[in-house]
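# Structural description and commentary
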Amino acid sequence: MNDADLDCQRMEAALQQARRSADLGEVPVGAVLFAEDTLLSQAGNAPITTNDPSAHAEILALRRAATRLGNYRLPGTTLYVTLEPCIMCAGALLHARVDRVVFGATDPKTGALVSRYRLGQDGLLNHCLEIRGGVLEQECGDLLRSFFASRRK
């Protein structure tokens, strides 16, 4: 399987997490974290159900992986997330030393990797992220659009 196919397959797993979050009334964002071929953790957005503003899918996936590995540093890992990370999540990814981030839909309002900011690739910090966006972008975006359309009815 080539890298592009692998990224799509793993983004499908992140989409499953996002759908679970939507079923709970959360904004449908999902994340999965891999170290090579090993799934370390998976999570969906949960700030509403947990009353925790930091309970974004990315943060929860990082926390679970760090607990599993017994280390807050997660080098050699790739995070797959359905929506471009915000500033908070991008900061956590940098602190955790995640190597690569693959995301689905861009976030023109709060995206911190390519849309509004370029955290992790601007050369201003002591860690850089390899970033690939637009993986299953249509599916990821459609899930978010349908969620918010149903909220506006």
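Note: the structure precedes this text.
Residues numbered from 1 in each chain as written. Predicted model: local features only at pLDDT ≥ 70, side-chain atom pairs only at ≥ 80, totals over all residues. Heavy atoms only, no water.

### Notes on the overall build of the protein
- Summing up its helical and strand segments, the protein has 5 helices and 5 strands in all.
- Ordered by position in the sequence, the α and β elements of the protein form the string α-β-β-α-α-β-α-β-β-α.
- In terms of overall dimensions, the protein has a C-alpha envelope of 45 × 35 × 30 Å along the principal axes.
- By element, 51% of the accessible surface of the protein is carried by carbon and sulfur atoms, the whole surface being about 7900 Å².
- Taking the average location of the 17 positive side-chain charges in the protein and that of its 18 negative ones, the two points are 6 Å from each other. (Helix = DSSP H or I, 4+ residues; strand = E, 2+ residues; numbered from the N terminus. Areas by Shrake-Rupley, 256 points an atom, 1.4 Å probe, with all protein chains shown as cover. Lys, Arg positive; Asp, Glu negative; His and termini not counted. Charge placed at Lys NZ, Arg CZ, Asp CG, Glu CD.)

### Concerning the packing of helix α3 (residues 57-69) against helix α4 (residues 87-96)
- Contact geometry of α3 with α4 gives a least axis separation of 9 Å together with a crossing angle of 25°. Taken together, α3 and α4 sit at an angle that is classed as roughly parallel. Judged by the sense of rotation from one axis to the other, the crossing of α3 with α4 is left-handed. Contact residues: α3 offers Glu58, Ile59 and Leu62, while α4 offers Met88, Cys89, Ala92, Leu93 and Ala96. (Axes fitted to C-alpha atoms, helices over the stretch in contact; angles between N-to-C directions. Parallel < 35°, antiparallel > 145°, perpendicular 65-115°, else oblique. Left-handed = near helix turned anticlockwise from the far one by under 90°. Contact = heavy atoms within 4.5 Å.)

### A closer look at the packing of helix α1 (residues 3-23) against helix α5 (residues 137-152)
- Two numbers describe how α1 lies on α5: the axes approach to 11 Å, and their chain directions differ by 5°. In terms of orientation, α1 lies roughly parallel with respect to α5. Of α5, the residues touching α1 (which contributes Met11, Leu15, Ala18, Arg19 and Ala22) are Glu139, Cys140, Leu143 and Phe147.
- Counted by class, the contact of α1 with α5 contains 7 nonpolar, no polar and 2 charged residues. (Nonpolar A, V, L, I, M, F, W, Y, C, P; charged D, E, K, R; others polar.)

### Some words on the pairing of strand β4 (residues 100-105)
- Extensive coverage of β4 is indicated by the burial of 6 of its 6 residues.
- Note: strand β3 (residues 77-83) against β4, 5 bridges, orientation parallel. Counterpart to valine 81 in the pairing with β4 is phenylalanine 103.
- Once the chain exits β3 it traverses α4 before rejoining the sheet at β4, and the crossover so formed is right-handed.
- Here β4 pairs with strand β5 (residues 130-132) via 3 bridges, running parallel. By the bridge assignment for β5, valine 102 is matched with arginine 132. (Buried < 20%, exposed > 50% of the residue type's maximum accessible area, 1.4 Å probe, protein only. Pairing = 2+ DSSP bridges. Right-handed = clockwise from strand over helix to strand, strands pointing away.)

### As for the pattern of salt bridges
- All told, the structure shown has 6 salt bridges when counted by the stated rule.
- Ionic pairing is found between arginine 100 and glutamate 130, a salt bridge with its closest N-O pair at 3.3 Å. Of the two residues, arginine 100 sits in strand β4 while glutamate 130 sits in strand β5, which places them 30 residues apart along the sequence.
- Because the salt bridges share partners, they merge into one network encompassing Asp7, Arg100, Glu130 and Arg132. (Salt bridge = Lys/Arg side-chain N within 4 Å of Asp/Glu carboxyl O.)

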